[in-house]
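Understanding the architecture of this molecule
Listed below are the residues making up each chain.
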Amino acid sequence: MTTNSTPTTRSKWAGTVAVDDTALAVTDTGGAGIPVVYLNGQFATQGYWRRVVAELGPQWRHITYDERARGRSQRSTDYSFDAAVRDVDAVLAARKVDRALLVGWSYGAVVAAHWAARNPDRTLGAVLVDGAFPYDWLDEAMEQRIRKLFRRLSWFMPLLRPTGLTPRMTAEQQAHSNIELGRLSRERELGPVLDDITAPVRYVVASGTSFGSRGDEQERIRAGLDAVTARNPNIRIGAKVASNHGAVLKKDFQAIASAVHEVAALGQERH
């Protein structure tokens, strides 16, 4: 793994981090504060975090990046979940960060949960924003619904790619990524991952629907968290906010920032 410039710890930096067959666009605000790594929604970009970053302010070290084929990052032949988790390691290594606090939204929350479970000594804490709910929402009918949805959007998404609002992935690749997430979110898969987390975790839970959901589907999925908080004392719901899944970073950035403060305080006590 290489970078296109030499990282200097705690100095402001923006560039690319080469990993596998791709290069990730990374921004590091530098500073002497606790490193906070932001993990994006499945097809979102690092720009979504700007309100949270601004709310927390310069006393924190903010590290954001675009996932493979999202935003300014390059395409890849591997869009698997395991690759997304490996990319966290690649970014931290490039920025010479040993321990960090993770903040993940949606898909990024699941990435954060897996990374925290695999790296207990490197995780100061995690804030999981409306994601990483263990629930068996994927069945054959849902899988077909996902494939149909992305096929229907396939003509439209390329038109938005120059704006950075959609990934440089095919409709089939996006559908496969969404289906893989559904499989990883099953209670028997995600439940043990969350049970293994020893760092402090706070959830910020949205309300209402998410893209592609119907009726109260999303609220039933969120209810899967109850069993987790009953089993693992490190995991708590920090806030239940009024925004829906898509608007939570825009409208409830203050609740997310408050959860970061709480987790950081607990993480420093632990270490």
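Preceding this section is the structure that the text describes.
Quick look at the structure, then. (Residues numbered from 1 in each chain as written. Predicted model: local features only at pLDDT ≥ 70, side-chain atom pairs only at ≥ 80, totals over all residues. Heavy atoms only, no water.)

1. Points about the nonpolar core
One finds Leu128 and Tyr203 to be the most contacted residues of the largest nonpolar core, which totals 58 residues. Val36, Val127, Val241 and Val248 belong to the second-largest nonpolar core, a separate cluster that totals 27 residues. (Core = buried A, V, L, I, M, F, W, Y, C linked by side-chain atoms within 4.5 Å. Buried < 20%, exposed > 50% of the residue type's maximum accessible area, 1.4 Å probe, protein only.)

2. Things to note about empty space enclosed by the protein
Per the counting criterion, the structure on display carries two cavities of 30 Å³ or more. As a volume, the largest cavity reaches approximately 50 Å³. Forming the walls of the largest cavity are Glu67, Arg68, Arg70, Asp78, Tyr79, Ser80, Ala83, Ala84, Asp87 and Tyr107. At three residues, the largest contribution of residues to the lining of the largest cavity is made by helix H2 (residues 81-94). For the lining of the largest cavity, the per-class residue count stands at four nonpolar, one polar and five charged. In this structure, the second largest cavity encloses a volume near 30 Å³. Residue lining of the second largest cavity: Leu39, Tyr65, Glu67, Ala84, Asp87 and Val111, and that is the complete set. Here the lining of the second largest cavity is built from residues that sort into four nonpolar, no polar and two charged. (1 Å grid on protein atoms, 1.4 Å probe; cavity = no way out; pocket = protein on both sides within 12 Å on 5 of 7 lines; lining within 4 Å. Points joined across faces, edges and corners; volume = space filled by probe spheres on them. Helix = DSSP H or I, 4+ residues; strand = E, 2+ residues; numbered from the N terminus. Nonpolar A, V, L, I, M, F, W, Y, C, P; charged D, E, K, R; others polar.)

3. As for the side chain of Ser207
Within the secondary structure, Ser207 sits in the loop between strand E8 (201-205) and helix H8 (217-222). For Ser207, a relative accessible area of 19% translates into the label buried. Those residues in contact with Ser207, other than ones at most four positions away along the chain, are Glu219, Arg222, Lys240, Val241, Ala242, Ser243, Asn244 and His245. (Contact = heavy atoms within 4.5 Å.)

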